[in-house]
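Breakdown of the fold
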Amino acid sequence: MAAWTVTAGEGPGKAIAWLAETILASGRAEAVLMPLELPSGRAVVPVLVKQADLLQRARPLAPLAMGNAASLLTGVGRRKGAGPVAAVLRPCEVKAAVELIKLKQIEPGAVVLLEADCLGTVPAQAYRQLIPDWTAWEAAIAAGAPPLPMDQLRPACRACVGPSGLDGREGNVAALRLRVAGSPTGTLCVTANPAGSDWLAGLEGLTLTDRLPADPFPGLSTQRAAAWQQQRQGVKGLSAGINALMDEFSICLRCANCRRACPICYCRECVFDGPTFRPEPDALLKRAGRKGGLVLPTDIMLFHLTRLNHMALSCVGCGQCEAACPQGLPVATMFRGLGEKTRALFGYESGRDPAEPLPFTVFKEAELEPR
Amino acid sequence: MPEHDPRILAFLCNWCTYTGADLAGTSRLQYPTNVRVIRMMCSGSVDPIYILKPILEGMEGILVGGCHPGDCHYINGNFKARRRLAVLKALLDEVGLDSRRVWFRFISASEGRLFADTVTDMVKELKQLGPNPLRDQWQS
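To start, this report covers the structure provided alongside it. Worth saying up front: this structure is predicted, and the values here are computed from it rather than measured.

**Thoughts on the interface of chain B and chain A**
Interfaces are frequently sized by the accessible area removed from exposure as the parts join. Of the residues lining the interface, 29 residues belong to chain B; the matching set on chain A comes to 32 residues. Taken together, the elements giving at least two residues each to the side of chain B that touches chain A come down to helix 2 (48–57), helix 3 (77–94) and strand 4 (102–106) of chain B. Tallied by class, the residues present in the side of chain B that touches chain A amount to 18 nonpolar, four polar and seven charged.

**Description of the sheet that holds strand 3 (residues 61–66) of chain B**
All names here are of chain B. Read across the open sheet, the four strands follow the order 2-1-3-4; overall the sheet is parallel. Looking along the sheet, the strands with just one partner apiece sit at the ends: strand 2 (35–40) and strand 4. On average, each strand axis in the sheet is tilted by 20° relative to the strand beside it, whichever way the strands run. With five bridges connecting them, strand 1 (residues 8–13) and strand 3 associate as parallel partners. Looking at the pairing, Phe 11 lines up with Val 64 of strand 3. Those strands touched by helix 3 are strand 3 and strand 4, and its axis lies near 160° from that of strand 4. Packing of helix 4 (residues 112–129) onto the sheet brings it into contact with strand 1, strand 2, strand 3 and strand 4, and relative to strand 3 it is tilted by some 155°.

**Some words on unusual backbone geometry**
Residues and elements named next belong to chain A. Residues Leu 296 and Pro 297 are joined by a peptide bond in cis, for which omega reads -5°. By secondary structure assignment, the location of Pro 297 is in the loop between helix 11 (281–291) and helix 12 (300–311). A cis geometry characterises the amide bond from Glu 369 onward to Pro 370, with omega recorded as 0°. Positive phi, normally seen in glycine, also occurs at Lys 104, with a value near 60°. Counting through the fold element by element, Lys 104 comes out in the loop between helix 3 (91–102) and strand 5 (111–116). Judged by the 10 C-beta atoms lying within 10 Å of it, Lys 104 is exposed. Not every positive phi belongs to a glycine, and Ala 256 is a case in point at roughly 65°. Structurally, Ala 256 can be placed in the loop between helix 9 (242–249) and helix 10 (257–261).

Criteria and thresholds
- Residues numbered from 1 in each chain as written.
- Chains lettered and ligands numbered in written order.
- Predicted model: local features only at pLDDT ≥ 70, side-chain atom pairs only at ≥ 80, totals over all residues.
- Contact = placed C-beta atoms within 7 Å.
- Helix = DSSP H or I, 4+ residues; strand = E, 2+ residues; numbered from the N terminus.
- Nonpolar A, V, L, I, M, F, W, Y, C, P; charged D, E, K, R; others polar.
- Pairing = 2+ DSSP bridges.
- Axes fitted to C-alpha atoms, helices over the stretch in contact; angles between N-to-C directions.
- Buried ≥ 20, exposed ≤ 12 C-beta atoms within 10 Å, placed from the backbone.

Here is the structure:
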């Protein structure tokens, strides 16, 4: 695995901006999807950057993800046979992009995935009060000091399985990994997979290195595993049966924000928006008559269970569904919990490898017995 | 108290299990009348939502019948159904709906006896499981 250090720019954030700028200038990418700080300074949002000077505002290490940026790539990433767009993403976004490639929503050649370190994000409302001093912030990440206490992070981030450098994964899924945390030089270390290495070959200003970042936060993965166990046990109904779960979900508004926020839920027309779930008046009255009454809107549990059934295998645990829920329902925890169980049936891991087939598209002649 | 009488919804593949059920009938085999059959073109075309919905509405059991491995009229629909059903059953267990209510069986067109026995066994097990907790629940 090839690795380089980048010393250009002051601090790791600027080094990532420099890399993006150089990639744009060299024509390796037609545009760069990069988190930029808005002029107000109150939010950092993904921007499709064509003009290099905008990259002055790049904040790739900001603790804010108002959505999973992988779903944004289904727009620009649908092109065939044109120069790629480079996308600076978090680990959960890279994994979601890999799933979307398998689901044929992103052309593998149309995007180059650059995975930046992420130490967790905070809710958007909290970010507005945060507005950190960027120099200190990035220095803390490089030094391996998690800059925010756990309880300020979004629940999914508290229990995140894949902060870069901690997941024990050999090699990159993304073409490049932009590693800051625990960097031996205090700046940016870029590691590449073979495709990323070819793509980057000959770029000026990079220094080859064999010093890779060490596990920057010993103990953090244990802490996160414990947080996950706690979250999972906290979902009422998972252990207490369907009635308890229905109680929990009785406050669901059926707004389907969870579905919109999910990067993997890609159908252009959802079954729940189709004619089956817009029944004839007589059918509704008949259903109401059968049990004496019918909760409106109908089929709240069916909606959630069907979504679980559709998406759990590919769930990457980004937690955006839960962040989007106005009622604070533990949807992300349910998805991740079921995802772990069902993936184990097939030895599958979401976001691991774009060449790995989705479990529902293949089969083995002898498996899953007894039925 | 009257004995609990479970209801079973069966999705049977047109080419194998449905014909097997037909054979059970024409052979005058006796089996419980608790089963309501829906003929599908393939067990692979049973969308899990067809199973989730009746379970949430209070149906006690769902039987999905397909061809034996290698016999699928559409080459591999039964293998795909097996994967889908495995995930669905994990989901049912996860949310506290008993996955033992969902049976997936390979029954060929010549196995009328096996179909009758399967329904008999399933009714027996569902009686032990008791009524679906959502049977009289209007809240779901």
